[in-house]
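# Summary of the model geometry
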Amino acid sequence: MQSSLHRPVVIGLTGGIGSGKSAVLKVLVALGAEGVDADRVAHEVMARGGPAYQPILSAFGRAIVTAEGQIDRPALARRVFADAVALRRLEAITHPAVAEVVRARVTASKAPVVVIEAIKLLEAGLSRALCDQVWVTVARPEQQMARLIAGRGMSPAEVERRVAAQMPPAEMTSRADRVLDTSGTLAETGLQVFKAWADLKLPFPPAEIRPATGEDAEGIAAVLNGIVREGGLTVVDRTYSVDEEKIFLNGLDPRASLTVATVAGHVIAFVEVDLYATYAGAMNHVGTMGTFVAAGLRGQGIGRLLAYANFASARAAGFLKIVINVRADNSGAQHFYAALGFQPCGRLVRQAFVDGHYVDELLYELFL
Ligand SMILES: CC(C)(COP(=O)(O)OP(=O)(O)OC[C@H]1O[C@@H](n2cnc3c(N)ncnc32)[C@H](O)[C@@H]1OP(=O)(O)O)[C@@H](O)C(=O)NCCC(=O)NCCS
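Keep in mind that what you see is a predicted model, and the values were worked out from it rather than measured.

On to the sheet that holds strand β7 (residues 257-263), then. One open sheet accounts for seven strands, arranged β6-β7-β8-β9-β10-β12-β11; its pairing is mixed. Pairing within the sheet leaves two strands with one partner each, and these edge strands are β6 (208-211) and β11 (343-354). The mean inter-strand angle of the sheet, taken between neighbouring strand axes irrespective of direction, is 25 degrees. Strands in contact with helix α11 (residues 217-230) are β7, β8 (266-275) and β9 (286-293); relative to β8, the strand with the most contacts, it is inclined by about 85 degrees. The sheet contacts of helix α14 (residues 331-339) involve β9, β10 (321-327) and β12 (357-367), and relative to β10 the element is tilted by about 160 degrees.

Structural data, given as structure tokens:
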């Protein structure tokens, strides 16, 4: 890699067909990355006038050229997929030509991150030559099949043939710096990309704070489910489907308020204030609250911004104080609520049974 004043972080993105590469790329681009599609570059270098055009003609003869003088890619594919030696010969021509064009695009890029998307990234040697990081997408085989049938109109037999022609997923993942599992919702895939982006210490676009709508169900569920899976943070002890989250949102008390923080259109955090007790009108002025910020985006003031926005809505809805229960083993949340001005006011012993054991909960209160 050439050294220059601006040198983008280069991520090589690969994965089996239908494993979610383009979904991941879309999120990366929304965060400010520039995408380079190596398969498209391969087509460019083979086009008439491209650097691989003449060498391919010399190697394979005029039989693989169309009447218009372009390389007949289907004819070439038939030839090389039936003959491993011919395939190696073709790749010896195209891979270096693709690498050169990709390298030039990386050097010219002004973006903080360049993502090279290539189905044969690992096989083509692009990863070692060009990338700081290799990310591999994976999905369950039945999902890959369903995506390719529904999205690209392939037959099951065709999908199986294509999958068999690729490096086995286990081999790809063993060579990856990061594995992104796209078997969940798009919002869950998005949050994995956000976490990976944060781990590279890359800057995020600014967060937007706004009241949640029904459209946010998928994003809210993704944030909550991620925190449930982390373990040790909340007494919520199971994940929620998007439909369950929709039902929850629709069923909220009219005085409840739910505020989300979004970055590049993705929900990355939410806070909810709801009635503390529904069994007695005497406590109508008391709310309770939960704050959830996705991993990778904590410690940047988002929780505080969300909480303040939600305090305003809670006050407007007639709440005068907030009481919260925080797991006694969640010191981060205790520091957070103390920093917002909450006062500790008691301990509930063995209040929750989670992850196979009892935990105490600490009570905090804040007058709005
Ligand atoms: C707890 C949580 C909501 C805090 O949100 P956040 O965006 O990370 O917090 P902020 O960056 O806005 O921090 C606000 C203040 O809290 C403090 N704080 C936040 N997390 C802290 C931590 N883990 N340790 C020490 N202090 C912390 C910050 O230092 C800051 O104080 P300051 O302004 O005086 O410096 C977030 O970390 C989270 O979602 N955690 C996982 C889920 C969870 O535990 N939720 C609470 C369930 S009750």
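This part takes up the site of the ligand. Close to the ligand lie 19 residues; V293, G299, G301, G303 and R304 are nearest. Take T291: an N or O atom from its main chain is 2.8 Å from a nitrogen atom of the ligand. The contact in question runs from an oxygen atom of the ligand to an N or O atom on the side chain of R304, over 2.6 Å. Contact with the protein chains removes 72% of the 910 Å² of surface that the ligand exposes when unbound. Every element with two or more residues in the shell around the ligand is listed here: β9, α13 (302-316) and α14. Top contributing element to the shell around the ligand by residue count: α14, with six residues. Split into classes, the residues belonging to the shell around the ligand amount to nine nonpolar, eight polar and two charged.

What follows concerns the pairing of β8. With ten of ten residues buried, β8 is to be regarded as a mostly interior element. Pairing geometry for β7 and β8, over seven bridges, is antiparallel. Paired with T262 across the strands is V267, a residue of β8. Taken together, β7 and the strand that follows it, β8, pair antiparallel across an intervening segment of two residues, in which A264 is found at a positive phi of about 50 degrees. Here β8 pairs with β9 via seven bridges, running antiparallel. Within β9, the position partnered with D274 by the bridge is T288.

Its place among the elements puts D274 in strand β8. No salt bridge is formed by the buried D274. Its closest oppositely charged neighbour is R255, at 8.1 Å. In this structure D274 touches L252, D253, A256, V286, G287, T288 and F319, once residues within four positions along its chain are discounted.

Below, the discussion takes up the domain arrangement of the protein chain. Domain assignment breaks the protein chain into domain 1 (9-183) and domain 2 (208-367). With centres defined by C-alpha atoms, the gap from domain 1 to domain 2 works out at 43 Å.

Conventions used here
Positions within a chain are numbered from 1, following the residues in the order the chain's sequence is written. Residue-level local features of this predicted model are given only where pLDDT is at least 70; pairs of side-chain atoms are given and counted only at 80 or more, and the full residue set underlies all totals for whole chains, interfaces and linings. By convention in this description, side-chain values take in all heavy atoms of the structure and omit both hydrogens and water. Pairing between two strands is assigned when DSSP locates at least 2 bridges connecting them. We count a stretch as a helix when DSSP gives it H or I for four or more residues in a row; a strand needs E for two or more, and each element gets its number in order from the N terminus. Axis definition: a line fitted to C-alpha atoms, limited for helices to the stretch in contact. Angles are taken between N-to-C directions and run from 0 to 180 degrees. The contact rule is simple, with two residues in contact once any of their heavy atoms fall within 4.5 Å. The criterion for a residue being near a molecule or strand is simple. One of its heavy atoms has to lie within 4 Å of it. Under this definition, polar contacts are N or O atom pairs within 3.5 Å; protein pairs additionally need one hydrogen-donor-capable and one acceptor-capable atom, and for neighbouring residues in sequence, both atoms have to be side-chain atoms. Exposure was quantified through the Shrake-Rupley algorithm and a 1.4 Å probe, taking into account, for residues, occlusion by the shown protein chains and nothing else. When residues are grouped by polarity, Ala, Val, Leu, Ile, Met, Phe, Trp, Tyr, Cys and Pro land in nonpolar, Asp, Glu, Lys and Arg in charged, and all others, Gly among them, in polar. Here's how the labels work: a residue is buried when its accessible area is under 20% of the maximum for its type, exposed when over 50%, partly exposed in between, all with a 1.4 Å probe on protein chains only. All tallies of charge rest on Lys and Arg as positive and Asp and Glu as negative; His and the ends of each chain are not included. Definition used for salt bridges: Asp or Glu carboxyl oxygen within 4 Å of a side-chain nitrogen of Lys or Arg. Start and end points for every domain follow an automatic or database-based domain assignment.

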